[in-house]
Amino acid sequence: MAIEDFAFLIPLLPALAFVVTFFFGKKMYSGGALIPIGAIALSCIISILITINLLQNPEEVVHQSIHWFAILNLGILIDPLAAVMLSMVTFVSLLIHIYALGYMSHDPGKARYFAETALFTAAMLGVILSDNILQLFICWELVGLCSYLLIGFWYQKPSAAAAAKKAFLTTRVGDVMFLTGIIVLFSGIFKIYNGNLPEGVYVLQFSEMFNLIPQLSAMHTTILGFEVSQLTIITLLFFGGAVGKSGQFPLHVWLPDAMEGPTTVSALIHAATMVTAGVYLVARTFPMFMGAPDALIVVAYVGGFTALFASTMGIVMNDIKRVLAFSTISQLGYMMLGLGMGAVVGMEAVGVSMFHLINHAFFKALLFLCAGSVIHSVGTQDMRQMGGVGKIMPITFITMLVASLALAGFGIPGTSIGTSGFFSKDAIIETTYLFAEHTGNYIPYIFGIVAALLTSTYIFRLLFMTFTGKPRTNYGGHESPSVMTVPLSILAVFALIFGVLTQTKFYHFLEVTFENSFVHVNIEHLAELGNYDLVHNPGHEPLFILWLPVIVGVAGLVISYLIYYKKVVDMSTIVSRNNPVYKLLYNRYYQHQIFIELIALKITYGLSLIGEFIDRKIIDGIIDGISDGTIAIGETIRKVQTGVVQSYATAVIAGVGLLIILLKLIVEVQ
Amino acid sequence: MANYMLLAPELVLTLVALAIMLAGLFFGPNNKNILGYVAGVGLFAALCLTIGGLTVNETLFYGTMTIDALSQFFKIVFISVSLLVTIASIKYTEGNKNADEFFTLLLFSTIGMMVVASANDLITLFVGFELASLSTYALAGFEKNNPKSMEAALKYFIIGSLSSALMLFGISFVYGMTGTTSIPGIAENAGALASSPIGLIAVVMLIAGFGFKMALVPFHMWAPDTYQGAPTVISALLAAGSKKMGFVAAFRVFVVALALLSPNWQTAFAILAVITMTLGNVVAISQTSVKRMLAYSSVAQAGYIAIAFAVMTPMALTGGVLYTLSHAFMKTGAFLVVAVVGYMVVSDNKNAKDIDHLDNFKGLAKRMPLTAFAMMVFVFALSGIPPTAGYMSKFILFSSTIESGLVWLAVIAILNSALSLYYYARIVKYMYFLPASGGKISEPKPYAVAIILALAGVLIIGIWPEPFVYWAMEAAKVLMV
């Protein structure tokens with residue numbers, strides 16, 4: 001049997017591990033952690049083997065499908081896009097699980113922890129493997145549920161419970177949009193076939209959806225006076241789902257709070273599972289976006305703005321995990337920005353964006369696990385109470401440095417020397433430059449460059465504040481155990497060299513995602529539909545443009561070095577309650593206040609008060625009346641049931657008589 | 001030469017029933033319930049034989065019996081219900097010196113129902129009807145020392161005899177006007193019957209006869225008393241099995257034989273369906289005995305199934321046929337749960353009264369988690385909540401109603417479903433949200449097995465309905481020729 005035949009085991013093994021660990025984990029060694037670890041390791045091996053097969057022959061995708069009911073099926077599809085995601089998710093998740101063996105060793109609820117993370121991984125793998133949009137949505141919701149459970153893992157803590165609720169409700173806004181998108185899509189397909197859906201064709205499968213792009217794009221509706229194609233509406237709604245899951249502006253508010261869960265959960269959410277699901281959704285349905293360039297522009301702007309917006313807040317946070325949270329939001333913005341460039345570079349956009357996603361997974365997981373290592377040892381998350389940690393935790397310090405260099409994108413343009421983040425982030429920024437050159441719109445490029453400067457600044461600020469200088473409080477720290485440092489070192493190696501090794505191969509591999517035995521998309525035709533031209537042979541960018549991202553990266557390092565190491569500028573003059581810019585940033589643009597106090601408390605609560613009044617007084621009154629009436633009638637009728645058999649016989653005979661008379665009348669009238 | 005192998009399920013059951021009767025002589029009262037295993041094996045063999053002959057389409061004995069998709073479908077319903085009841089009864093008859101008679105009667109009633117399912121002649125149909133009825137009269141009064149059980153049997157018998165008389169009366173009219181008792185023969189010669197007022201009287205008489213088994217209002221009045229008084233396992237048989245006999249007989253007689261008179265009986269069934277479901281649900285609300293509540297719920301369910309006659313499109317018939325299968329599992333399961341709870345109450349306190357009172361369900365989720373969960377699924381299935389068998393059947397039935405333009409009927413049916421949720425959800429509330437009054441108890445194995453099988457049936461049909469819908473469609477096709 002070929003390894004492809006075992007593809008269905010990839011999500012199934014972690015799901016089974018969840019069941020076993022959940023019910024029997026408490027009695028096992030270390031909360032049954034070894035079961036999910038083993039299951040995910042097996043999934044990882046299968047994924048990587050399939051990816052290797054696929055690398056040699058990218059046309060031969062793995063596709064298996066079984067009939068579910070009516071026009072729906074359950075199926076798995078492993079094309080290049082899914083393959084790289086699978087390998088990354090299983091691999092990073094495996095390392096995080098191993099690390100958690102050490103990190104969670106003292107927690108009494110670790111059986112529950114490992115069961116839930118296994119389910120989390122299984123759900124994410126389900127999202128990646130789905131061959132139809134409905135199944136993807138089901139797994140997508142399961143991811144949301146698991147994130148709720150895991151963020152609120154320490155549910156005794158009010159702040160954790162609140163954060164879990166916030167994450168759940170905020171992503172729910174996106175989920176509703178996603179579901180609406182599926183409904184609009186389905187109704188569109190229904191119209192295309194005039195209500196006669198063909199037998200034996202699963203219309204919600206990606207291949208069918210992509211085949212129908214021309215018809216969908218030809219359907220128009222008028223919204224607020226604008227004529228919009230059905231395809232644009234669908235893609236924008238899908239993107240709405242992605243905004244919620246991937247923490248894009250303005251639905252990013254849940255991500256920083258999601259830090260309330262265990263740090264390993266944060267790593268899992270931020271690197272391997274959950275947040276990348278949104279980017280993946282856009283990449284998965286990318287041919288539809290290609291047919292709707294208006295939606296692509298929205299993706300680009302939202303992504304670019306998020307990248308910049310989040311990095312400004314990253315600069316002022318004092319909680320080490322929150323800095324990383326804003327960093328994630330910002331990097332996800334980059335990925336969306338890369339996807340948004342599809343109208344110029346075509347399928348390369350998927351390659352560029354996914355490349356950054358994979359690299360980001362490695363270095364962000366590493367950053368979080370390093371932060372976890374520090375927190376585990378020092379016992380606080382506040383960077384103002386740290387300082388000099390590098391001396392007592394050398395391995396953590398070095399791995400964190402590597403991750404930071406990767407995040408800031410250090411490397412030498414034109415050569416193959418550089419961290420993985422360098423190759424992917426620069427590729428995105430170069431793509432935006434190409435876009436600017438081609439369309440004359442420089443805004444996405446400016447977003448990208450300024451965000452790069454800020455990224456470098458905040459990450460080195462974190463590094464200097466935490467690892468250098470003298471301890472600012474008395475903490476008795478120590479280096480973490482090897483079960484934690486080994487995963488760190490492995491991830492560090494990947495963060496350092498993954499980009500160099502795979503760069504060109506990666507793009508070519510992903511560019512053919514939508515041209516294979518299962519799906520065939522003609523990109524030129526899509527460009528025609530969307531009425532734009534693709535750039536086929538981009539010339540080389542000017543040297544300055546190539547170097548600029550690195551220059552701003554170094555500039556960020558220098559700024560942080562001067563302020564936080566050399567203390568050239570006295571921070572206390574800037575960090576004060578009187579400085580309006582600082583206040584604005586530190587309060588996260590007052591988004592919390594706007595969301596909670598204005599929208600939630602005043603508007604929504606006010607509306608619900610009115611709703612409650614109507615519900616209680618008017619609707620309930622009617623309902624209660626009806627039900628009281630019904631019960632009273634029931635009480636009356638039951639008295640007919642006398643228990644005397646003679647009356648029963650009478651009822652039968654009377655019934656026959658009445659029925660005859662009634663029928664006679666009715667038939668005669670007819 | 002007729003292929004007698006087609007009757008193998010009936011023959012096997014007859015032999016097993018006779019064997020049990022004989023073997024009963026050699027067993028002491030303490031281990032007679034072992035014979036239940038024999039009955040179970042016999043039923044299982046009959047089930048396998050019936051499933052083996054799913055695709056047959058032949059007639060036997062000069063056209064008086066037919067083996068087709070419809071008969072096989074209903075036979076499987078009957079055998080499944082009997083099998084579940086038999087398994088549970090292994091516990092119920094423990095230590096009873098009449099256990100051999102119990103199982104013999106149970107098998108005979110099953111054979112009677114199977115004969116009705118296959119009947120292609122009114123006389124054959126009547127004989128099968130009586131075989132099943134007489135056996136169940138005795139079974140309803142099985143607890144000889146329990147006055148309630150005796151009362152139940154007696155009422156059942158009196159009203160049953162009256163209904164049999166009405167049915168025979170109807171048959172005699174049909175025979176008189178058409179000159180034949182063969183069902184296809186009647187269909188050919190129904191012209192005279194349709195043009196005469198006697199046709200209307202014959203239809204109403206037959207409706208009364210079958211309506212007694214189906215428990216359609218106003219022929220239902222025996223049902224609550226009998227279901228409540230009879231041993232709970234027998235209530236399950238009556239509500240889930242013998243009731244379906246009325247439906248299969250009505251399918252054959254009205255839809256096939258009296259198709260020409262459909263304006264008459266479609267109207268009649270529409271009226272009866274509305275009255276039946278509404279009265280069943282409304283009265284069920286004010287019951288405090290769970291058994292009695294299930295009895296009224298069973299009346300209401302008959303009203304839903306009767307919609308199939310009122311609409312009479314292929315989709316409606318498919319829905320009706322599928323509903324009988326779903327109802328068989330959910331109703332049997334629900335009654336068996338009541339039986340287990342009764343067992344629990346008696347083991348708490350030997351002299352307990354009102355063992356089927358709703359209060360005994362308080363905190364059941366803590367005392368018997370499996371049973372409570374199963375009951376929750378059963379009552380949700382009865383009220384039509386996905387993903388259960390009840391939802392799927394209701395969905396097909398109600399949508400067929402809308403499809404053929406009878407929106408008012410669909411609205412009434414859906415309102416009724418909403419109403420029924422009140423008393424179904426109340427059981428769930430009692431089981432899950434009220435405090436328990438005793439410790440954890442483990443269900444007796446036979447009950448647990450039967451309940452799990454019923455639960456599996458309800459969930460499998462609900463989650464993967466396609467093969468069952470297809471199967472019901474095949475059965476309904478027999479009627480539409």
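Residues numbered from 1 in each chain as written. Chains lettered and ligands numbered in written order. Predicted model: local features only at pLDDT ≥ 70, side-chain atom pairs only at ≥ 80, totals over all residues. Heavy atoms only, no water.

Digging into the overall build of chain A
When helices and strands are tallied, chain A shows 28 helices and six strands. For chain A, the share of sequence-separated contacts (at least 6 apart) that also reach a separation of at least 24 residues comes to 80%. On chain A, roughly 26800 Å² of surface is accessible, and the fraction owed to carbon and sulfur atoms is 68%. (Helix = DSSP H or I, 4+ residues; strand = E, 2+ residues; numbered from the N terminus. Contact = heavy atoms within 4.5 Å. Areas by Shrake-Rupley, 256 points an atom, 1.4 Å probe, with all protein chains shown as cover.)

Concerning the packing of aromatic side chains
Across all of its chains, the model carries 52 aromatic pairs over all chains by this definition. Relative to A:Phe423, the ring of A:Phe422 lies with its centre 5.0 Å away and its plane at 65 degrees, an arrangement referred to as edge-to-face. For the residue pair A:Phe422 and A:Phe423, the accessibility class agrees, reading buried in each case. On the numbers, 6.2 Å between centres and 45 degrees between planes, the contact of B:Phe74 with B:Phe78 is tilted. One end of the pair is B:Phe74 and the other is B:Phe78, both in helix H3 (residues 69-92) and four residues apart, which spans about a single turn. We note that B:Phe74, like B:Phe78, is buried. We note A:Arg172 situated over the ring of A:Phe168; from NZ or CZ to the ring centre the distance is 4.7 Å. If you follow A:Arg284 out to its NZ or CZ, it ends over the ring of A:Phe206, 5.5 Å from the centre. (Phe/Tyr/Trp six-rings, centres within 6.5 Å; stacked < 30°, edge-to-face > 60°. Buried < 20%, exposed > 50% of the residue type's maximum accessible area, 1.4 Å probe, protein only. Lys NZ or Arg CZ within 6 Å of the ring centre and 35° of its normal.)

Focus on the environment of A:Met393
Residue and element names in this part refer to chain A. The topology assignment puts Met-393 in the loop between helix H18 (389-392) and helix H19 (394-408). Sequence-wise, Met-393 and Ser-480 are 87 residues apart; in three dimensions their C-alpha atoms are separated by 7.6 Å. Not counting residues up to four positions away in its chain, the partners in contact with Met-393 are Ser-373, Val-374, Ser-377, His-478, Glu-479 and Ser-480.

Observations concerning the interface of chain B and chain A
How big an interface is tends to be reported as the loss of accessible area on association of its parts. Listed as interface residues are 37 residues of chain B and, on the opposing side, 29 residues of chain A. When the two sides are added together, the surface that chain B and chain A hide from each other amounts to roughly 2800 Å², 77% of it contributed by carbon and sulfur. Looking at the side of chain B facing chain A, the largest losses of area belong to B:Val204, B:Met221 and B:Ser286, adding up to 19% of the total buried there. Connecting chain B to chain A are zero salt bridges. In this assembly, chain B and chain A are joined by one residue pair in polar contact (both at pLDDT 80 or more). Sorting the residues of the side of chain B that touches chain A by element identifies helix H6 (147-178), helix H9 (197-214), helix H10 (222-229), helix H12 (262-285), helix H13 (290-311) and helix H18 (407-433) of chain B as the ones contributing at least two each. At nine residues, the largest contribution of residues to the side of chain B that touches chain A is made by H12(B). Looking at side-chain class alone, the side of chain B that touches chain A contains 27 nonpolar, five polar and five charged residues. (Buried area = accessible area lost by both parts, 1.4 Å probe. Salt bridge = Lys/Arg side-chain N within 4 Å of Asp/Glu carboxyl O. Polar contact = N/O pair within 3.5 Å; in protein donor to acceptor, adjacent residues only side chain to side chain. Nonpolar A, V, L, I, M, F, W, Y, C, P; charged D, E, K, R; others polar.)

What about unusual backbone geometry?
All names here are of chain B. Residue Pro-218 is reached from Val-217 by a cis peptide bond, and omega for that bond is 10 degrees. Assignment of secondary structure puts Pro-218 in the loop between H9 and H10. A positive phi angle, near 50 degrees, is found at Phe-61, a position not held by glycine. Among the structural elements, Phe-61 can be located in the loop between strand E1 (58-60) and strand E2 (65-67). For Phe-61, a relative accessible area of 32% puts it in the partly exposed group. Phi at Met-312 takes a positive value of approximately 55 degrees, unusual for a residue other than glycine. By the secondary structure assignment, Met-312 is in the loop between H13 and helix H14 (314-348).

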